[in-house]
Amino acid sequence: FALIQALHKKLPTENIQMGFHVTKCVLTNEKVFLTSAKGDVISAAVAVFAAPPKILSKHVEFLPSLSASRVRAMDASRTWMAGVTKVALQYESRFWPLRGRISNTGLRTGANRPAFQVYDGSAANDK
């Protein structure tokens, strides 16, 4: 997230498009033209898609068309954790134990229990 914030600060406000649901990407010799679901069109020297390849191949029309092998590769890519509920919580201070450099919730694992992946983003010296 820090990278996104740093880039955001460097870009002019008029160059930032929020909620622009891209449905079409047209590449010409000079520019990239992006069309939104509402029919709005913007142009840029470069476009970067921050979405899983599988989602792009299903929901964005590319012109010129992508090669068949590229579309197959995009379609075959896994959308990691797509079907998993994600929750982010922030607390004023850490109240859970640290075990060495590893933090966990102390939840028991095993059959017939939810699978958890917990990431502690706290700095090592947070108290």
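Conventions adopted
Per chain, the residues get numbers from 1 upward, laid out in the order the sequence is written. With pLDDT at 70 or above as the cut-off, local features in this predicted model cover only qualifying residues; side-chain atom pairs require 80 or more to be listed or tallied, and sums for whole chains, interfaces and linings still use all residues. Calculation of side-chain values draws on the structure's entire complement of heavy atoms; hydrogens and water are dropped beforehand. Runs of H or I in DSSP of at least four residues are treated as helices and runs of E of at least two as strands, each being numbered from the N terminus. When DSSP finds at least two bridges between two strands, those strands are taken to pair. Any Lys or Arg side-chain nitrogen found within 4 Å of a carboxyl oxygen on Asp or Glu counts as a salt bridge. Per-residue confidence from the predictor is given as pLDDT, running between 0 and 100. Using a 1.4 Å probe on the protein chains alone, a residue whose accessible area is under 20% of its type maximum counts as buried, one over 50% counts as exposed, and one in between counts as partly exposed. Whenever two N or O atoms come within 3.5 Å, that pair is a polar contact, provided that in protein one can donate a hydrogen and the other can accept it, and provided that, for residues adjacent in sequence, both atoms are side-chain atoms. By the convention used here, residues are in contact when the closest approach between their heavy atoms is within 4.5 Å.

**Considering unusual backbone geometry**
Peptide bonds are mostly trans, and most non-glycine residues show a negative phi. Omega for the peptide link from leucine 63 to proline 64 comes to -5°, which places this bond in the cis form. By secondary structure assignment, the location of proline 64 is in the loop between β4 (61-63) and α3 (68-76).

**Thoughts on the pairing of strand β3 (residues 41-44)**
Pairing of strand β2 (residues 32-36) with β3, which is carried by four bridges, proceeds in the antiparallel orientation. Bridge pairing links leucine 34 to isoleucine 42 in β3. Hairpin geometry of β2 and β3 is characterised by an intervening segment of four residues between the two adjacent antiparallel strands and by a positive phi of about 95° at glycine 39.

**Some details on the pairing of strand β1 (residues 22-27)**
Examined bridge by bridge, β1 and β2 share five bridges and lie antiparallel to one another. Each residue of the ladder has a partner; that of cysteine 25, found in β2, is leucine 34.

**Examining the pattern of salt bridges**
Under the counting rule described, the total for this entry stands at one salt bridge. In this structure, lysine 58 engages aspartate 75 in a salt bridge whose closest nitrogen and oxygen atoms are separated by 3.6 Å. In this pair, lysine 58 is assigned in helix α2 (residues 53-59) and aspartate 75 in helix α3, connecting sequence segments 17 residues apart.

**A short note on the confidence of the model for the protein**
This prediction gives the protein a mean pLDDT of 78; 64% of its residues lie at or above 70. Across the protein, the secondary-structure element scoring lowest on mean pLDDT is strand β6 (residues 102-103), at 52, and the one scoring highest is β4, at 97.

**Examining the side chain of serine 77**
Following the sequence through the fold, serine 77 ends up in the loop between α3 and β5 (98-99). According to the relative accessible area criterion, serine 77 is buried, its value standing at 18%. A polar contact of 2.7 Å, which involves the side chain of serine 77, links it to the backbone oxygen of methionine 74. Among all residues touching serine 77, those that are not within four sequence positions of it are Pro53 and Lys54.

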